[in-house]
Amino acid sequence: MKIAYLGPRGSFCSVVAEAAFKSEELYSYATILDVIEAYNEGECDFALVPIENSTEGTVNMSIDKIFHDSNAKVVAEFVLPISQNLLAVSKEQKIEHIYSHPQALAQTRVYLRKFYPQAQVEITESTSAAAEFVKNNPDLPAAAVANSFAAKMYDLEFIAKNIQDLAGNSTRFWLLGKEKQSFDLNQTKDKVTLALTLPDNLPGALHKAISVFAWRDIDMTKIESRPLRTRLGQYFFIIDLENNATNSLKIPYALEELTGLGVNVRLLGNYSVYSLGEV
């Protein structure tokens, strides 16, 4: 099998890909759009993309690209707890420059301002690229903000561990494909994700759409609006439902009622969620 994922080896996406697929063929792409296009064009069997970070919010480009430009289904979700660390070639390294991806720098903003207020922050395309740069420039007074996987890969020393500003930092990843997949990992729950487009002529359309789940006691764990490519003020809604044994019997009837209300319903995925160890 061929699996496309975002970022270079050592990125969070590659960590998930290697944990889930192990010895399968893994192919790195530079952008989320490239990953999804690779799947659309049949260059790979699966595509792995980040979908949400617990501290930085949703990766909107993934959702928009899947909804507008792909028929792929979400066939699995992976949740990766992430710790950010300050890495250098040695613990005695003088630090005047700090390299990392913008998201990692945002997650460690308070720590860096407190302990390295004079350091120049430098942007890289990934945390792995930051670690590689620091490794390849040992005479530069620099450090990288990156995960422990990158520290091991590039043989860097930990200057400080777990420097993220908020505890419990995790990133969600969607695996795109055709059919639901199972993995030898810690499965935590099952979910259904829907994309709803509401009719213009239905008063209280969103309230009525949500009510089909509420009165059936179907647990809706998330709702998010995203703009349609039509005109300003029009949106589609991404809804996550917990798909336990009881809900799995009720959801088809809820979808039938939505259709009766004139709501356009697209099933983005019926899949299992897996939790990985912290990196």
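The sections below set out a description of the structure shown in this document. What you see as residue numbers is a count from 1 along each chain, following the sequence as written. This being a predicted model, a pLDDT of at least 70 is required before a residue's local features are given, and a value of 80 or more before pairs of side-chain atoms are given or counted; all residues contribute to the totals for chains, interfaces and linings. As a rule here, side-chain values come from all non-hydrogen atoms in the structure, and water together with hydrogens is ignored.

**A word on the nonpolar core**
Core analysis: the biggest nonpolar cluster contains 44 residues, and Leu48, Phe78, Phe173, Trp174, Leu175, Leu176 and Phe183 have the highest contact counts within it. Secondary structure elements follow DSSP: runs of H or I of four or more residues count as helices, runs of E of two or more count as strands, with numbering from the N terminus. If one sorts the elements of this core by residue count, helix α1 (residues 12-21) sits on top with 6 residues. Contact definition: two residues touch when any of their heavy atoms are within 4.5 Å. Setting aside residues up to four positions removed in sequence, Phe78 forms contacts with Val16, Ala20, Leu48, Thr171, Arg172, Phe173, Leu175, Phe183, Leu185, Tyr274 and Leu276. Nonpolar cores were defined as sets of buried Ala, Val, Leu, Ile, Met, Phe, Trp, Tyr and Cys residues, with membership established by side-chain atoms within 4.5 Å. Remark: exposure states derive from per-residue accessible area (1.4 Å probe, protein chains only) relative to the maximum for the residue type, with buried under 20%, exposed over 50%, and partly exposed in between.

**Remarks on the packing of aromatic side chains**
Side-chain rings of Phe, Tyr and Trp (the six-membered ring for Trp) are treated as a pair once their centres are within 6.5 Å; stacked means planes under 30 degrees apart, edge-to-face means over 60, and tilted covers the remaining angles. The full count for this structure, using the stated rule, is 10 aromatic pairs. When the ring of Tyr99 is compared with that of Phe133, the centres are 4.6 Å apart and the planes differ by 40 degrees; the resulting orientation is tilted. Placement of the pair is Tyr99 in strand β7 (residues 97-100) and Phe133 in helix α6 (residues 127-136), with a sequence separation of 34 residues. Classification of Tyr99 as buried rests on a relative accessible area of 11%. Taking the centre distance of 5.6 Å and the plane angle of 85 degrees together, the rings of Phe183 and Tyr274 count as edge-to-face. In this pair, Phe183 is assigned in the loop between β11 (170-177) and β12 (186-197) and Tyr274 in strand β15 (residues 264-275), connecting sequence segments 91 residues apart. For the residue pair Phe183 and Tyr274, the accessibility class agrees, reading buried in each case. An aromatic cluster is defined as three or more aromatic residues linked by ring pairs; in this entry it consists of Phe21, Phe46, Phe78, Phe183 and Tyr274.

**Things to note about the pairing of strand β2 (residues 25-29)**
Relative to β2, strand β1 (residues 2-6) runs parallel, the two sharing 5 bridges. If you follow Ala4 over to β2, its bridge partner there is Tyr27. In this fold, the crossover linking β1 to β2 by way of α1 has right-handed handedness. For two strands to count as paired, DSSP must find a minimum of two bridges between them. Whether a crossover is right-handed depends on one test, that the path from the first strand over the helix to the second runs clockwise when the strands point away from the viewer.

**Observations concerning the side chain of Gln84**
Topologically, Gln84 is positioned in the loop between β5 (73-81) and β6 (85-88). Reaching out from Gln84, the side chain makes a polar contact with the side chain of Gln107 at a distance of 2.9 Å. Setting aside anything within four residues of it in sequence, one finds Gln84 in contact with Phe12, Ala104, Gln107, Thr108, Val145, Ala146, Asn147, Lys161, Asn162, Ile163 and Gln164. What qualifies as a polar contact is a pair of N or O atoms within 3.5 Å, subject to a donor-acceptor requirement within protein and to the restriction that residues adjacent in sequence count only when both atoms come from side chains.

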